[in-house]
Amino acid sequence: MTLDEYNGFCASLPHTKHVVQWGGAHVWKVGGKVFAIGGWSDGAGLAVSFKVSEMAFDILKEQPGLRPAPYLASRGMKWIQRQTGETMDDQGLRDYIGESHRLIAVKLPKATRQLLGLPV
């Protein structure tokens, strides 16, 4: 997935906002809360970090091309970083980014969800 494809997909999700912060990372938020971060990478390709369920975290963190997201996972948060498409293709990444958006959105305060027109 290219940076443009990543940004395009995140922009297609409801009520999202894009900012570039933290040393040039492309950060996507819903209701002011981060659901995806693109650009933190030790390699040449695009690395994307996203929130996952506890069960998904336990499974994905052991897969080639994936790892606990730097900074976030070390603080106990269940975030995974895809570094390569070795075990997660681009469609899988889109699915997980969409799920990350959902996981963050459902935790927003009720008033924020109502204001954004998200399920309450």
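Placed above this text is the structure.
In this report, the structure presented in the accompanying data block is examined. In this text the structure is predicted, and so the values were computed from the model without any measurement.

## Some words on the pattern of salt bridges
Moving on, step 1. Applying the stated criterion to the full structure yields three salt bridges.
Moving on, step 2. Its salt-bridge partner being Arg82, residue Asp90 comes within 3.0 Å of it at the nearest N-O pair.
Moving on, step 3. Measuring nitrogen to oxygen at the nearest pair gives 2.7 Å for the salt bridge that ties Arg102 to Glu99. Of this pair, Arg102 and Glu99 both sit in helix α3 (residues 90-106), three residues apart, roughly one helical turn.

## Observations regarding the nonpolar core
Moving on, step 1. Residues Tyr6, Phe35 and Ile97 are the most contacted members of the largest nonpolar core, which totals 26 residues.
Moving on, step 2. Looking at this core, the elements with two or more residues in it are α1 (3-12), β2 (25-30), β3 (33-38), β4 (48-51), α2 (54-60) and α3.
Moving on, step 3. The element that contributes the greatest number of residues to this core is α3, accounting for four residues.
Moving on, step 4. Residues in contact with Tyr6, not counting those within four places in the same chain, are Met1, His26, Trp28, Ala36, Ile37, Gly38, Leu46, Val48 and Ile97.
Moving on, step 5. The next biggest cluster of nonpolar side chains, apart from the first, holds eight residues, and it includes Val19, Val27, Ala69 and Trp79.

## Remarks on α3
Moving on, step 1. In a regular helix each residue adds 1.5 Å, so 17 residues correspond to 24 Å; α3 covers 24 Å between its end C-alpha atoms and thus fits that length.
Moving on, step 2. All of the buried residues along α3 are Gly92, Leu93, Ile97, Ser100, His101, Leu103, Ile104 and Ala105.
Moving on, step 3. At the N-terminal end of α3, a side-chain oxygen is found 3.3 Å from the backbone nitrogen of Gln91, two or three residues along, and the residue is Asp89.

Here is what the cut-offs are and how they apply
- Residues numbered from 1 in each chain as written.
- Predicted model: local features only at pLDDT ≥ 70, side-chain atom pairs only at ≥ 80, totals over all residues.
- Heavy atoms only, no water.
- Salt bridge = Lys/Arg side-chain N within 4 Å of Asp/Glu carboxyl O.
- Helix = DSSP H or I, 4+ residues; strand = E, 2+ residues; numbered from the N terminus.
- Core = buried A, V, L, I, M, F, W, Y, C linked by side-chain atoms within 4.5 Å.
- Buried < 20%, exposed > 50% of the residue type's maximum accessible area, 1.4 Å probe, protein only.
- Contact = heavy atoms within 4.5 Å.
- Expected span 1.5 Å × (residues − 1).
- Polar contact = N/O pair within 3.5 Å; in protein donor to acceptor, adjacent residues only side chain to side chain.

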